[in-house]
Amino acid sequence: MNLIKESLFLNIFTISVLTAGSEIIRPRGVSLSRAGLYAFEGNFTCFDGAKSIPFTQVNDDYCDCVDGSDEPGTSACPNGIFHCVNAGHRPLNIPSSRVNDGVCDCCDGADEYAGRVSCTNNCLELGKTAREEAQKQAELLKVGKQLRQELSQQGLKLKEVKNQKLSDLKRNRDEAESIKAEKEQLKKQAEEVEEKALEYYRELEKEYKNKKAEKEAEKDRNEAMEEFKKLDINQDGVVDVGEIQSRASFDRDRNGEVSEEEAKLFLGSQESVDLNTFLEKSWRLIKPFIMMDSGMYKPPVSNEQSGDDVVAQDDEGVEPEVAEATEQDDDEDEENEEEKEEEKEETEPPTEERVSYDEETQKLVDEATEARNQFTQADTNLRTIENEIKSIEESLTRDFGSEEEFATLEGNCFDYEDREYVYRFCPFDKTLQIPKSSSSETRLGKWKSWSGPEPDPYSEMLYDGGQSCWNGPQRSTKVKVSCGTENKVTSVAEPNRCEYHFDFSTPAACRAKGADSENQDLHDEL
Ligand code: MAN
């Protein structure tokens, strides 16, 4: 009995709701546009058509319709929607589960009619602020739309220019291709002639090299024999341990004396060696020490080359002690840089001499060299044109907005500074993070595509495939694009590690749609 009374009371209360400025009566929680679906006489049919119920069961705090349409003003249906009229401000739809839950959701307090909480109606105040904000947005939009139109015109013009440039470049490419083919032919011919002319000289060069090598070998042998004579102090035809010991330069460990052991290492562990063994085995071990002694050989001082690399190394481990010389400190190294260069010149063998060609042959070599150079140049020229074509074609297939309004952004970059980094946004190219403390850049992503949700894909850009994150994904950036009177990155955040979020304002994004529909809502219930 009590329940029936209560529901009757609720129903009466419900139908007494009037809309501001309108005589249309509607049940509680119903929007103006849906009022017609609730006739106060006869039956109510659930929106999904599944059921018809007496109208008295609408808003009786009992859920009859599966779609919740019979209980717009109570929290009886889990999927019901309560409409706040919010006269003076924006109307609002809230889940009907929030009706009478003790929290004021509607600015007019209509969702809390059971008295659990007392809500102040602040719709007028909120409406005023909202209208002021909307006014500002409308003004921004007005200026922005004008700018957008200009950008769009520039974008369309750019497209024309690019198309023109592309057809010019294609013509140039054809020309460059035929020049390259011609130069290739000339090069081939010149090289054939050159090759023939050089055949004779190649043979000559080989002979020359062989002779040179022979001469050097002989020189080395003479040197060795001379050294043998010097070392064989007692002239008995062998060099022995004692004779090696008498030469201070063989003191490998630099302890002031040449020990027997040290000496023996040069003699292949023998007591003495005759001239032949000396020439075949000992000389290559002894020579570096002799050269060092005479100042002809200087061990390199760079850290990259160890003594082992630059001197002949004995099977048994004899080698000149050059390690000390590599232990100079860096400063000294720098100071000595020039000196070293000079030394290098002195000690480096002169560059290999070449047999000189007769005048006629030299002329043919020069002609072939010139033909090669011209071919290389023609090839480079063609490649440059092909690259330009590729980049213009790429640019022409890019989506710069329905009216080319974003086209002028290509090729420009916009910076945003926070405490630690400069973030650089280069539309249609890349996003970067540059630490203020160094000039090294971190790539945060390469241009991928527009990624805004429908109906406005142009509201967001995606840049992905950036530098890999330590133990994580490749860096990527989402750039939210919104209307503003200038092109500017207005904020940067990293909501998840290595996932960046830029806000970018541009007149190119000033389109009527968004703001107009908002205004539509605003005026719906006023
Ligand atoms: C750098 C920056 C940061 C990023 C970390 C991840 O410090 O790129 O933005 O979060 O690397 O290791």
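Per chain, residue numbering runs from 1 following the sequence as it is written. Restriction of local features to residues with pLDDT of at least 70 applies here, the model being predicted, together with a cutoff of 80 or more for giving and counting side-chain atom pairs; totals for whole chains, interfaces and linings are based on all residues. Hydrogens and water molecules were not included; the side-chain quantities draw on all heavy atoms of the structure.

Draft legend 1. Geometry of the pairing of strand β7 (residues 414-417). Between any two strands, at least two bridges found by DSSP are needed for them to pair. Helix and strand labels come from DSSP, where a helix needs a run of H or I of at least four residues and a strand needs a run of E of at least two; each type is numbered from the N terminus. Looking at chain direction, β7 and strand β8 (residues 421-426) are connected through four bridges and run antiparallel. Residue pairing across strands places D415 opposite R424, the latter belonging to β8. Adjacent in sequence and paired antiparallel, β7 and β8 are bridged by three residues.

Draft legend 2. Structural context of the state of the cysteines. Any cysteine sulfur atom paired with another within 2.5 Å is treated as part of a disulfide. Following the criterion strictly, the structure yields eight disulfides and no others. One disulfide in the model links C107 with C123; its S-S distance is 2.0 Å. Disulfide C107-C123: torsion about the S-S bond near 105 degrees, hence right-handed. Of this pair, C107 sits in the loop between β4 (92-95) and α2 (123-231) while C123 sits in helix α2, placing them 16 residues apart in sequence. There is no split in this pair, since C107 and C123 are both buried. Here C469 connects covalently by a disulfide to C498, the sulfurs 1.9 Å from one another. Across the disulfide from C469 to C498, rotation about the S-S bond amounts to roughly 60 degrees, and the bridge is consequently right-handed. Linking C469 in the loop between β11 (460-464) and β12 (476-483) with C498 in the loop between β13 (488-496) and β14 (499-506), this pair joins segments that are 29 residues apart in sequence. Look at C498 and you get buried, because its relative accessible area is 3%. Burial classes follow relative accessibility: with a 1.4 Å probe on protein chains only, a residue under 20% of its type's maximum area counts as buried, one over 50% as exposed, and anything between as partly exposed.

Draft legend 3. A look at unusual backbone geometry. The peptide bond linking E454 to P455 adopts the cis configuration, its omega dihedral lying at 10 degrees. Structurally, P455 is set in the loop between β10 (442-450) and β11. Located in the positive-phi region is F428, a residue other than glycine, with phi close to 65 degrees. With respect to the element layout, F428 can be found in the loop between β8 and β9 (430-435). Located in the positive-phi region is C498, a residue other than glycine, with phi close to 70 degrees.

Draft legend 4. Local environment of the pattern of salt bridges. Salt bridge, as used here: a side-chain nitrogen of Lys or Arg that lies within 4 Å of a carboxyl oxygen of Asp or Glu. Counting across every chain of the model gives 26 salt bridges. When the shortest N-O distance is used, the salt bridge between R247 and E227 registers 2.7 Å. Separated by 20 residues along the polypeptide, R247 in the loop between α3 (241-245) and α4 (260-266) and E227 in helix α2 bring together distant segments of the chain. Residue E227 is classed as buried on the basis of its relative accessible area of 5%. Shared partners join several salt bridges into a network, and the residues in it are K187, E191, E194 and R372.

Draft legend 5. Here's a closer look at a negative patch on the surface. Each patch is built from residues that are more than 30% exposed by relative accessible area and take part in no salt bridge. Like charges join if they lie within 9 Å; nonpolar side chains (Val, Leu, Ile, Met, Phe, Trp, Tyr) join within 5 Å. Exposure was quantified through the Shrake-Rupley algorithm and a 1.4 Å probe, taking into account, for residues, occlusion by the shown protein chains and nothing else. The charged-residue count follows a simple rule in which Lys and Arg add positive charge and Asp and Glu add negative charge, with His and chain termini not counted at all. The atom standing in for a charge is NZ when the residue is Lys, CZ when it is Arg, CG when it is Asp and CD when it is Glu. Residues D174, E175, E177 and E386 make up a contiguous surface patch of negative charge. Element by element, the count of residues in the negative patch is highest for α2, at three residues. Tracing the backbone shows E175 in helix α2.

Keep in mind these numbers describe shape, not what the thing actually does.
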